[in-house]
Amino acid sequence: MTDRVRQLWDFDDLDGTEERFQDRLTDEADSERAEILSQLARIQGLRGDFDAGERLVEEAQVLAGDDERARARIDLERGRLRQSRGNREAALPLFESGFAIALEAGELFIAADAAHMAALAAPDREAFVAWTERGIELATAHEDASYWLGPLLNNLGWELYEAGELDAALDTFERALEAREQEPENQAAIEIARYAVGKTLRALGRPRLGIPYLERAVAWAEHVGIADGWFHEELAEEYAAVGRLDEARDQARLALPLLEEADPGFVEDSERAARLRDLAHVDA
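Only a predicted model underlies this, so the values are computations on that prediction, with no experimental measurement involved. (Residues numbered from 1 in each chain as written. Predicted model: local features only at pLDDT ≥ 70, side-chain atom pairs only at ≥ 80, totals over all residues. Heavy atoms only, no water.)

Caption draft 1: Local environment of the overall build of the protein. Regarding its fold elements, the protein presents 15 helices and 0 strands. The C-alpha atoms of the protein give 21 Å as radius of gyration, which agrees with the globular expectation for 284 residues (19 Å, within 12%). Taken along its principal axes, the extent of the C-alpha atoms in the protein is 65 × 35 × 35 Å. Taking all 284 residues of the protein together, the buried fraction comes to 51%. Partitioning the intrachain contacts of the protein with sequence separation of at least 6 by distance along the chain shows that 55% fall at a separation of at least 24. Summing over all exposed atoms, the protein offers an accessible surface of approximately 13,800 Å²; the carbon and sulfur share of this is 46%. Distance between charge centroids for the protein: 2 Å, based on 32 positive and 63 negative side chains. (Helix = DSSP H or I, 4+ residues; strand = E, 2+ residues; numbered from the N terminus. Rg over C-alpha atoms; globule rule 2.2 N^0.38 Å. Buried < 20%, exposed > 50% of the residue type's maximum accessible area, 1.4 Å probe, protein only. Contact = heavy atoms within 4.5 Å. Areas by Shrake-Rupley, 256 points an atom, 1.4 Å probe, with all protein chains shown as cover. Lys, Arg positive; Asp, Glu negative; His and termini not counted. Charge placed at Lys NZ, Arg CZ, Asp CG, Glu CD.)

Caption draft 2: Representation of the pattern of salt bridges. All chains considered together, the criterion is met by 25 salt bridges. In this structure, R47 and D15 form a salt bridge, with 2.7 Å as the shortest nitrogen-oxygen distance. Residue R47 is located in helix α2 (residues 30-47), and its partner D15 is located in helix α1 (residues 14-25); the two are separated by 32 residues in the primary sequence. Note on R47: relative accessible area 34%, which makes it partly exposed. One salt bridge in this structure joins E159 and R125, with 3.2 Å as the shortest N-O distance. One end of the pair, E159, is in helix α8 (residues 149-162); the other, R125, is in helix α7 (residues 125-141), with 34 residues separating them in the sequence. Taken together, the shared-partner salt bridges connect D3, R4, E32, E35, R69 and R73 into one network. (Salt bridge = Lys/Arg side-chain N within 4 Å of Asp/Glu carboxyl O.)

Caption draft 3: Spatial organisation of the nonpolar core. Counting residues in each nonpolar core, the largest one holds 48 residues, and the members touching the most others are F95, F99 and W148. Elements supplying a minimum of two residues to this core: α4 (68-84), α5 (88-105), α6 (108-121), α7, α8, α9 (166-180) and α10 (187-203). Here this core gets 11 residues from one element, more than from any other, and that element is α6. Dropping the residues within four chain positions of it, F95 is found in contact with L76, G79, R80, Q83, A114, M117, A118 and A121. (Core = buried A, V, L, I, M, F, W, Y, C linked by side-chain atoms within 4.5 Å.)

Caption draft 4: Inspection of unusual backbone geometry at higher detail. Despite not being glycine, H281 shows a phi value in the positive range, around 60 degrees. Within the secondary structure, H281 is located in the segment after α15 (270-280).

Caption draft 5: Structural view of the environment of L153. Here L153 shows up in helix α8. By relative accessible area, L153 is classed as buried at 1%. L153 has contacts with I136, T172, R175 and A176, leaving out every residue within four places of it along the chain.

Caption draft 6: Highlighting the side chain of T200. Structurally, T200 is set in helix α10. Judged by its relative accessible area of 0%, T200 is buried. Looking at T200, its side chain comes within polar contact range of the main-chain oxygen of A196, at 2.8 Å. Ignoring sequence-local partners within four residues, the contact set of T200 consists of Y161, L166, A169, L170 and F173. (Polar contact = N/O pair within 3.5 Å; in protein donor to acceptor, adjacent residues only side chain to side chain.)

Caption draft 7: Summary view of helix α3 (residues 50-64). Over its 15 residues, α3 runs 21 Å from end to end, which matches the ideal 21 Å to within 8%, given 1.5 Å per residue. Within the span of α3, buried status applies to F50, A52, G53, E54, L56, V57, A60 and A64. On the buried face of α3, the contacting elements are α2 and α4. Phi turns positive, to about 60 degrees, at G65, one or two residues after α3. (Expected span 1.5 Å × (residues − 1).)

The following block contains the structure:
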């Protein structure tokens with residue numbers, strides 16, 4: 001990854017990330033300080049303190065001047081704050097502006113990020129696909145933006161999956177897995193990509209081909225001590241689909257308490273919960 005700002009991020013440790021950015025503030029010129037402030041604003045947005053985030057991007061704007069990289073980042077992070085507040089309509093023009101400024105400046109990592117966010121803020125499927133494909137084109141053609149290929153393909157794959165376009169979804173998820181494997185340090189993302197491939201194979205009626213993907217994902221999660229209910233749930237379904245019912249039961253029993261704690265959608269989806277309890281041979 002070539003983006004100097006992204007390298008300072010650890011989304012599982014916002015306090016540590018904030019400390020690293022704060023340490024950089026005193027050593028940078030004004031335009032670089034503006035970029036750092038935009039990232040501190042993002043941290044506040046992730047914490048839910050949107051007003052603090054807005055104050056930081058306003059401070060960044062004063063320092064940015066005509067620096068295009070800083071201006072692109074500010075628009076991007078201001079858009080994220082709007083998006084996180086639930087105001088997609090206000091966020092989209094900021095993502096579009098960030099994309100245009102970054103593209104003009106040759107800041108392709110930022111441009112691909114902005115395309116990815118514009119897709120998420122898009123008002124309809126047509127716009128979502130158009131922005132996603134714009135980002136994929138950038139990430140495919142330019143090494144500086146290649147990090148974004150995996151996330152963009154993942155998002156497109158789920159859109160296709162939910163629309164029932166399963167063959168296209170499988171092709172997209174397989175491409176996403178290939179892209180993720182180019183970043184071996186991000187093993188969690190690789191295993192999530194395996195999960196998507198395996199789940200889609202089962203949906204296509206090919207669970208035997210899906211099982212190895214889920215077995216690898218589960219084995220990795222167990223090895224690193226990260227219990228993942230979604231992995232266990234899908235492996236339970238894969239095993240059940242091929243008649244390996246004892247193994248399906250064991251995976252379902254592992255999945256149930258994890259999903260009940262971590263997935264509000266599981267708790268609300270009575271049919272899904274009942275299905276997993278049935279596989280686990282557990283009463284409600």
